[in-house]
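Descriptive structure summary
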Amino acid sequence: MLGPFVGVLFDGFAYGMLLFLLSVGLSVTLGMMNFVNLAHCAFAMLGGYVTVTLMRDFHWPFFATLPLAFLSAAATAIVFERILYRRLYRASDLDQVLLTIGIAFISVAVAAYLYGTVQQPVEIPTYLRGSWTLFGVNFGIYRVFLVVTALVIGLALVLMLEFTRFGATIRAAVDNQRMARGLGIDVDRSFAVTFALGSGLAGLGGAMAIEIVGLDPAFAFHYLVYVLIVVSVGGLGSIGGSFAAASLIGISDVAGKYYVPELGAFLIYLVMLALLMWRPAGLFGKR
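What this report covers is the structure whose coordinates are included nearby. (Residues numbered from 1 in each chain as written. Predicted model: local features only at pLDDT ≥ 70, side-chain atom pairs only at ≥ 80, totals over all residues. Heavy atoms only, no water.)

**Quick word on the layout of surface pockets**
Heads up, the rule is: Buriedness of a pocket was judged along seven lines, with at least five required to meet protein on both sides within 12 Å; pockets are open sets of points on a 1 Å grid over the protein atoms alone, cavities are sets where a 1.4 Å probe fits but cannot get out, and lining residues have an atom within 4 Å of a point. Grid points are joined across faces, edges and corners, and a volume is the space filled by probe spheres set on the points. Gly counts as polar in this scheme, as do all residues outside two lists: the nonpolar Ala, Val, Leu, Ile, Met, Phe, Trp, Tyr, Cys and Pro, and the charged Asp, Glu, Lys and Arg.
Here the second largest pocket is characterised by a volume of approximately 290 Å³. As for the second largest pocket, its lining consists of 14 residues, and the residues nearest its centre are Ala42, Met45, Leu46, Ser107 and Val110. A breakdown of the residues in the lining of the second largest pocket according to their chemical character gives 12 nonpolar, 2 polar and no charged.

Spelled out as structure tokens, the structure:
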């Protein structure tokens, strides 16, 4: 019985790491900048379609498309931040929700027009297919790669935001814009870079998600729900909280579908409800 349990636990953790990649950027922008960006998963979908296009039409290898998925989402986020988002930094949450959910609807329509409504497959390298067997438990190679990538990115984000001048600049710009400007900090550029980083990570997550969950125009809304659950349960602005919440949600989702199939995907909402009743600000949230 131990083998299947460990296998389910690992698959759930790998799925959680995928959710972490998709959600950590929103945790940063929403938690640090107080901007409700419901178009976050539209940037993830953009990264996925960039990977599909480069592999299908230009025959790029999978790994070569990942930097382009990140950069395309980041560059698009900078354009949107400068043209649209910047105007609503001091607006109400409702105004931000209406704008960004409208962008999400537009992105879905554009994706359906350009690519149709069918799933878009990708051909991952042969060395990422199959599985390794250890102590009678199968570990999918691509899922191992996904876990390692998420751990490296999470560690890099913590180090960058907590122990570098760039991270200190971002925190200062968020905490007190007037004081930050007085100290010579370019607040507008700091906000643009933060949005680019968060959306670029979403684009990377969207590209890596295709092999696990597929890609279609509904991606921008379907996984927005999961991302919002991770951010809410983890606590706004907490990378460690997003990591813990994504792990819990991923394991709960996979284990629930395996052991309690009659509940299906509903189990994650029960987990979310229980955790938020215990910690209304999230696992690592401060407000």
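Right, picking up where we left off after that structure.
**Some points on the pattern of salt bridges**
So the rule is basically this: Salt bridges are counted wherever a side-chain nitrogen of Lys or Arg sits within 4 Å of a carboxyl oxygen of Asp or Glu. We call a residue buried when its accessible area falls under 20% of the maximum for its residue type, exposed when it is over 50%, and partly exposed in between, using a 1.4 Å probe and counting protein chains only. Each helix is a run of H or I in the DSSP string that is no shorter than four residues. Each strand is a run of E no shorter than two, and both are numbered from the N terminus.
Applying the stated criterion across every chain, the model contains 5 salt bridges. Between Arg86 and Glu81 there is a salt bridge whose closest N-O contact spans 3.1 Å. The exposure class of Glu81 is buried, given its relative accessible area of 0%. Where Asp253 meets Lys257, a salt bridge forms, and the shortest distance between an N and an O atom there is 3.3 Å. Of the two residues, Asp253 and Lys257 both sit in helix α10 (residues 239–259), 4 residues apart, roughly one turn of that helix. On the basis of relative accessible area, Asp253 is assigned to the buried category, the value being 2%.

**Some points on the pairing of strand β2 (residues 137–140)**
Just so we agree on the cut-off: Criterion used throughout: strands pair if DSSP finds at least two bridges between them.
In this sheet, β2 lies alongside strand β1 (residues 131–134) in antiparallel orientation, the contact comprising 4 bridges. Paired with Leu134 across the strands is Val137, a residue of β2. Between β1 and β2, which pair antiparallel in sequence order, lie 2 residues; one of them, Phe135, sits at a positive phi of approximately 55°.

**Considerations on the environment of Gly206**
Within the secondary structure, Gly206 sits in helix α8 (residues 187–213). Looking at Gly206, the relative accessible area reads 1%, which means it is buried. Between the C-alpha atom of Gly206 and that of Tyr223, which follows or precedes it by 17 residues, the distance is 9.9 Å.

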